[in-house]
Every structure is written in C-alpha cells, then in structure tokens.
Amino acid sequence: MNKAEEFEELRALLFSIAYRILGSVSEAEDAVQETWLRFDRSPTLPTSTKAFLSATVTRVSIDVLRSARVRRERYAGPWLPEPLLSDPYEDPERSAELADSVSMAALLLLERLSPLERSVFVLREVFAFGFDEIATAVGRSEAACRQLLVRARRHMKGGRPRFEADRRQRQELAARFFDALKDGDVDALRSLLAADVQMVGDGGGNAPRLARAMVGAGNVARLLASAFPAMARIDVTFEQHEVNGQPGAVFRAPDGKILNILALDVLDGRIQAIRAVLNPDKLGHLGPVADAWAVDRDVRRARRRMN
C-alpha cells in the first residue's frame, strides 16, 4: 500500500482517539487532517505506521486541547461535547469500552483531567495501547505515563458513568420516553425519570436555551410536557437515533434542518440525565442547521395559542 492507503485504513482509529481527547468532532477532524499532512511530509517510512500516526494525532490533539480549555472556561452556559451519531472505529474485543468511553457522561468526566492525563487515559483504558507506545505519543517516560494514569484513574474514580447493559431495554425505555414527549404526558414522563434526573441544555449563547440546568423528575417532566407539544404544533419533528453510544434523538425544524440533539443516560430502568445540544456551532457536521431563534419565536406563539 502507498501512504494514502495506509492512512485511510487507520483514519477511523485516529478520529476516535482525537474525538475522545477533544470532545469535538470538528477539532478531531482537523487533528486527523494535520496528522495526514505530517505523515505525508515525513521523508522516511515509520517502522509501524499505526504507532506513528496514533502518536502524531495524540500530540496534535494535546496541543489543540490546551488552547480549547481556555475557550471552554469562557463558554456561555453549560458546555457539552459535540454530538457523535456513530463512532467510525469498531473493535469487537473492546466494544463495551468504546461505547461507554464515547458517551456524553464519560466525555464530561474526562474534562476533569489535564490534557496529558486525558490522553494517557484514553490510549490505555479505551484503546489498550502499551506504555511504550503511550510514552512515545505524549513525550514522557513510561514511568511518568504510569503515574499519569494513576492520577487520571483517581480523578475519574467514583464518577465513572454506568449505563443500562441491555441495549434493547434502553431503546424500549427511550421509545416510551419519546412517545410521552410527543403527547405532553407529564405523568408518563415522570414515571420514566430518575428522582434526581438532571437536564442540561448547551446553546453556547448562539441558540435559545431549552432551560437552565434542571434537577428532579417533577421539574423536568413539567418542562418537557409544556415545551414539546408546542414544538410539534409548528411541525418540529424528531427521529430516534443513537447519540454518543446512548439513546437519543435528532430534532428538525419545519424546513428539515437540524434544530438540536437530545441524548439520554439510562440506568436501572430510569433516565438519569437528559442533555440537549442546541449550539449551531456544534451541529454543522450533521447537516444544514436551523435558525433556532426563529423556531423559538414560533414555539412561543404556539404555546400562547394553546393556552
């Protein structure tokens, strides 16, 4: 194979590494492209193309993350990762680790770590790289990488997300949730939510927020039951879709453009968290994005007519 063919064979892995380090589809795609440019410019062929490219995309991602963390500290409102509808990388032997590590909950937890800790944790815990490969990737000794992993595990301990193991049960519960959402059925919604359920919306100052962060089954159920029937009245639609490895849905404005993405965390037969990504800057990779402000005005008018 030539260089381009070798790179394309590993593109999915490189993107998956970068996305877990960065929590951003667009930044991960840029990191993969920069990795290709460096590989293409390299005058010699590496002993292991996989090791070389994985190390390169990790180093690029660390640099990007260091600057991104400053921007995230200034972010307007709650910050959520860019939604990923399907992970391009598959490994049957690590399917559970891959699915859990790409969830919104896991990516938010990784935000606790320094860029080096995060990179070491992702390479070791998710992709099972050897410490010799990790040391090359992050530019530290193997002993230092082991210490970084210990610190990362300590930061993550107790916060590691748990999800419903049975995929079919998760999807069935999500289907009931979205049916109740369409009907505006407060009681049905409340019965599907954990008592301490949290709902968070990420508009980034570029879209109307669904609500401030809310906690409690009653509060969240009432909000959802009041908002979504009015959205349906103006022909906002949604289709269920896996989001970051968990149940969710893609919402579309009346013109068919992407309005927002909803992701659910399901455990013990209840929805533990609901996360809505409305910031258009985080939705462009999924297709044309709707004017959320215009939709919000139409929804408000619909709600007034309904009342």
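Residues numbered from 1 in each chain as written. Predicted model: local features only at pLDDT ≥ 70, side-chain atom pairs only at ≥ 80, totals over all residues. Heavy atoms only, no water.

Turning our eyes to something else, we now look at the environment of Asp202. Within the fold, Asp202 resides in strand E1 (residues 193-202). Through-space distance from the C-alpha of Asp202 to that of Pro81 is 9.2 Å; in sequence the pair is 121 residues apart. Engagement of the side chain of Asp202 in a polar contact is seen with the backbone nitrogen of Leu80, the distance being 2.9 Å. Among the polar contacts made by the side chain of Asp202, one reaches the side chain of Lys282 at a distance of 2.6 Å. (Helix = DSSP H or I, 4+ residues; strand = E, 2+ residues; numbered from the N terminus. Polar contact = N/O pair within 3.5 Å; in protein donor to acceptor, adjacent residues only side chain to side chain.)

So, about the side chain of Arg94. Counting through the fold element by element, Arg94 comes out in the loop between helix H3 (49-73) and helix H4 (95-101). A distance of 2.8 Å separates the side chain of Arg94 from the backbone oxygen of Glu125, its partner in a polar contact. In contact with Arg94, not counting residues within four places along its chain, are Arg124, Glu125, Val126, Phe127 and Ala128. (Contact = heavy atoms within 4.5 Å.)

Here we come to the pattern of salt bridges. All chains considered together, the criterion is met by 19 salt bridges. A salt bridge links Glu111 to Arg72; its shortest N-O distance comes to 2.7 Å. Taken together, the residues Glu111 in the loop between helix H5 (104-110) and helix H6 (115-126) and Arg72 in helix H3 connect sequence positions 39 residues apart. By relative accessible area, Arg72 is classed as buried at 14%. A network of salt bridges, in which partner residues are shared, links Glu27, Arg71, Arg72, Glu111 and Arg118. (Salt bridge = Lys/Arg side-chain N within 4 Å of Asp/Glu carboxyl O. Buried < 20%, exposed > 50% of the residue type's maximum accessible area, 1.4 Å probe, protein only.)

On to helix H9 (residues 167-183), then. Working note: α-helix, 3.6 residues per turn, so residues spaced by three or four point in the same direction. Here H9 spans 25 Å end to end across 17 residues, near enough to the 24 Å set by a 1.5 Å rise per residue. Those residues of H9 that sit buried are Arg170, Leu173, Ala174, Phe177, Phe178, Ala180 and Leu181. Here the buried residues of H9 occupy an arc of 160° about the axis, which is enough to place them on one side. Away from its buried face by more than 90 degrees, H9 exposes Arg168 and Asp183. At the N-terminal end of H9, a side-chain oxygen is found 2.9 Å from the backbone nitrogen of Arg168, two or three residues along, and the residue is Asp166. Count one or two residues on from H9 and you reach Gly184, which has phi positive near 65°. (Expected span 1.5 Å × (residues − 1). Arc of directions from axis to C-beta.)

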